[in-house]
There are 2 protein chains.
Amino acid sequence: MNVFRRTMATSASSFKQAGKVVCIGRNYAELNSARPKQPFFFLKPTSSILLPGAGPVIRPKGVDLHYEAELALIIGKTVRDLQESDVQGALDAIDSYAMSIDMTARNIQNEAKKKGLPWSISKGFDTFLPISNPIPKSAIPNPHSIEVYLSVNGKVQQQDSTELMLFQIPRMLSDISKVMVLEKGDIILTGTPKGVGPVVPGDVMRAGIRVDGKEIEESKIEVA
Amino acid sequence: MNVFRRTMATSASSFKQAGKVVCIGRNYAELNSARPKQPFFFLKPTSSILLPGAGPVIRPKGVDLHYEAELALIIGKTVRDLQESDVQGALDAIDSYAMSIDMTARNIQNEAKKKGLPWSISKGFDTFLPISNPIPKSAIPNPHSIEVYLSVNGKVQQQDSTELMLFQIPRMLSDISKVMVLEKGDIILTGTPKGVGPVVPGDVMRAGIRVDGKEIEESKIEVA
Ligand SMILES: [Mg+2]
Ligand SMILES: [Mg+2]
Ligand SMILES: [Mg+2]
C-alpha cells in the first residue's frame, strides 16, 4: 500500500515539470453571468501547483480566497492549430486527466478586472493549484459526461456534470492551440461549475470526479 | 567561430526550459500614462520564446503587432518573499541577463483591458518572445544604468536608460517573489521604455543593450 502511494505521488510530481498551465474561464452557464461568445483563457504558473499531500493552501494576507473545482487535461503530444471539428484529434491529444482546484484571490481578481490589469497575480500565488494524482485516460471514457464535485468541511458546494460546459474540449484545444502550441505535459483546466465560494484557513476542501456515480480513486483531493 | 556560435545557441536554448516568464507592466514613465502605485506583472508562456536565429515572429491574422524592448533577468536560485530593502539579495538572485522583445497583440490586449479579461492571449502567441543569447552577469555591472534599444528597418524606435525604470529590480523581485516563488531558470522581463509601436511582416527588428555606450555582443537580436 505504501509502495503504491509512493508511485502515485511520484507520478503527480511530474506535473511540476509542465511547460504551462492554461485555464479556461467562465465555461459553465451561470445565473447573472454573460455567456462568452468564445472561450477565453489565462495562465497559472507551474510554481502554483500543489501536489497531493503537500498542502495546506496558503491564503495570502488580505485575500478573499475562492475555490474553483475543475477537470484538468494532461496533454500527451504537440498540438498546433487544431481544428474544432477534429474531435478525434482533440481526444488523441489527451494523455490523462486530473482533478484540480483553481484557487483564486477573488478580491485581487475583481480589482484587476475593474482596472483592466492582468489576472496573473490573482491566479498565481504559490499553492493556488491543488491537483490530484493522474487519472488514467481509460478511467474517463467520456470527459463530457462526468461529475465534478467539491465540498468544504463536508458540505457539498460544487457538483455538476461536465455536460454543462459551454465550450467542449475540442473547441478549447482548438482555440488554445491556435494561440499557443500545446506540448506534452501541458495542463489544461477546463473551467468550473456553479457554486464557487470562499474558504478560510483550516477549512478542509475535498474534491473529485465521479464516473457513472462511481468515485475515481485517483481524482480525490483533500486539502486544508 | 562556428563552435563559439553553436555554444551560444545551445545556451540560449535552455531558456525554453524556464519554469516561467514573468513580465513587469508599465515600468517606465510615459506621457499620457498614469504611474502605477505598485508594479504589476503577468505571465508569458515559455512556448512563446523565440530563440536567436529561429525567427520570424509570426503575426496572427488581424493582429496589431507591437514590439516592447526589455531587459530580461535570468534567475539563478530559489527566491521567496524577498524584501525590497534586500538589494544584495536581489542582485544575488540574478544568474545572467538577456535582451528580449515582449511582442504584444495590441488590439487584443486593448479589448481584454476594456472587458476585464486576462492578458494571456494578447501576450502569449507562439514566437511572441524573441530573446537574445545569455549575457554574462559580469558584462552588466549595474543593470539600472544600461541602454536598451530597438530599431525597425534601421530606424531607432526605442532607446533609453534603465535608470528610467519606475520600479527597480529589488522592488520587482520582492513583489513577484511574495506571490510566486522564483526558481532557477525563471525569466523576468523588466518593462519597456517609451517608443513601442507596430511592426508588419517583413519588418526587421534589431534590439540590444549598450553598457557605457558599448554594444554587448550577446545582447543582439535581429529578427524579421
Ligand atoms: Mg477557474
Ligand atoms: Mg517548465
Ligand atoms: Mg512589456
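Residues numbered from 1 in each chain as written. Chains lettered and ligands numbered in written order. Predicted model: local features only at pLDDT ≥ 70, side-chain atom pairs only at ≥ 80, totals over all residues. Heavy atoms only, no water.

Student: Just to check I follow, could you spell out the coordination of the magnesium ion (ligand 1) for this structure?
Tutor: When a metal holds four donors in a tetrahedron, each ideal angle between them is 109.5 degrees; when it holds six in an octahedron, the ideal angles are 90 or 180 degrees. Residue and element names in this part refer to chain A. Around the magnesium ion (ligand 1), the protein contributes the donor atoms E68 (OE), E70 (OE) and D102 (OD), which lie 2.0 to 2.2 Å from the metal centre. E68 sits in the buried class, given a relative accessible area of 9%. Relative accessible area serves as the criterion here: at 0%, D102 is assigned to the buried category. (Donors = N, O, S within 2.8 Å, 3.2 Å for Na, K, Ca; no water. Buried < 20%, exposed > 50% of the residue type's maximum accessible area, 1.4 Å probe, protein only.)

Student: What am I meant to see in the confidence of the model for chain A here?
Tutor: As a general rule, the predicted coordinates of low-pLDDT regions are not to be interpreted in detail. Looking at chain A as a whole, the pLDDT averages 94, with 94% of positions reaching at least 70. Across residues 1–10 of chain A the pLDDT falls below 50, and counting only partners more than four positions away or on other chains, this stretch makes 4 contacts in the model. (pLDDT = per-residue confidence, 0-100. Contact = heavy atoms within 4.5 Å.)

Student: Would you take a moment to explain the sheet that holds strand 6 (residues 94–101) of chain B for this structure?
Tutor: Strand pairing within a sheet occurs via backbone hydrogen bonds; the two strands may be parallel or antiparallel. Residue and element names in this part refer to chain B. Strand order in the open sheet formed by 6 strands is 2-1-12-5-6-9, with mixed pairing between adjacent strands. Edge strands, defined here as strands with exactly one partner in the open sheet, are strand 2 (41–44) and strand 9 (135–136). When strand 6 meets strand 9, the two strands line up antiparallel, connected through 2 bridges. Considered in strand 9, the bridge of Y97 is made with I135. (Pairing = 2+ DSSP bridges. Helix = DSSP H or I, 4+ residues; strand = E, 2+ residues; numbered from the N terminus.)

Student: For this particular structure, what's the right way to read the coordination of the magnesium ion (ligand 3)?
Tutor: Residues and elements named next belong to chain B. Protein coordination of the magnesium ion (ligand 3) is provided by E68 (OE), E70 (OE) and D102 (OD), with donor distances spanning 2.0 to 2.2 Å. For the magnesium ion (ligand 3), the single-chain donor residues occur in sequence as E-x1-E-x31-D. Neither residue differs from the other here; E68 and E70 are each classed as buried.

Student: Can you walk me through the pairing of strand 11 (residues 155–161) of chain B in this structure?
Tutor: On a regular strand, one side chain projects to one face of the sheet and the next to the other, so that they alternate. All names here are of chain B. Two elements, strand 10 (residues 147–152) and strand 11, share 6 bridges in a ladder whose sense is antiparallel. Bridge pairing in strand 11 places Y149 opposite Q159. The hairpin formed by strand 10 and strand 11 contains 2 residues between the paired strands, and N153 there has a positive phi angle of roughly 50°.

Student: I tried to follow the sheet that holds strand 13 (residues 197–198) of chain A on my own but got confused; where do I start?
Tutor: All names here are of chain A. A sheet is described by the order of its strands in space; here 3 strands give the open sequence 7-4-13, paired in antiparallel fashion. Bordering the open sheet on either side are strand 7 (104–105) and strand 13, each of which pairs with just one other strand. Looking at chain direction, strand 4 (residues 65–67) and strand 7 are connected through 2 bridges and run antiparallel. Among the inter-strand pairings, L65 is bridged to a residue of strand 7, identified as A105.

Student: Explanation requested: the pairing of strand 6 of chain B in the structure shown.
Tutor: Residue and element names in this part refer to chain B. In terms of burial, strand 6 is a largely internal element, 7 of the 8 residues being buried. By the bridge criterion, 7 bridges tie strand 5 (residues 69–75) to strand 6 in an arrangement that is antiparallel. Bridge assignment links E70 to a residue of strand 6, and that residue is S100.

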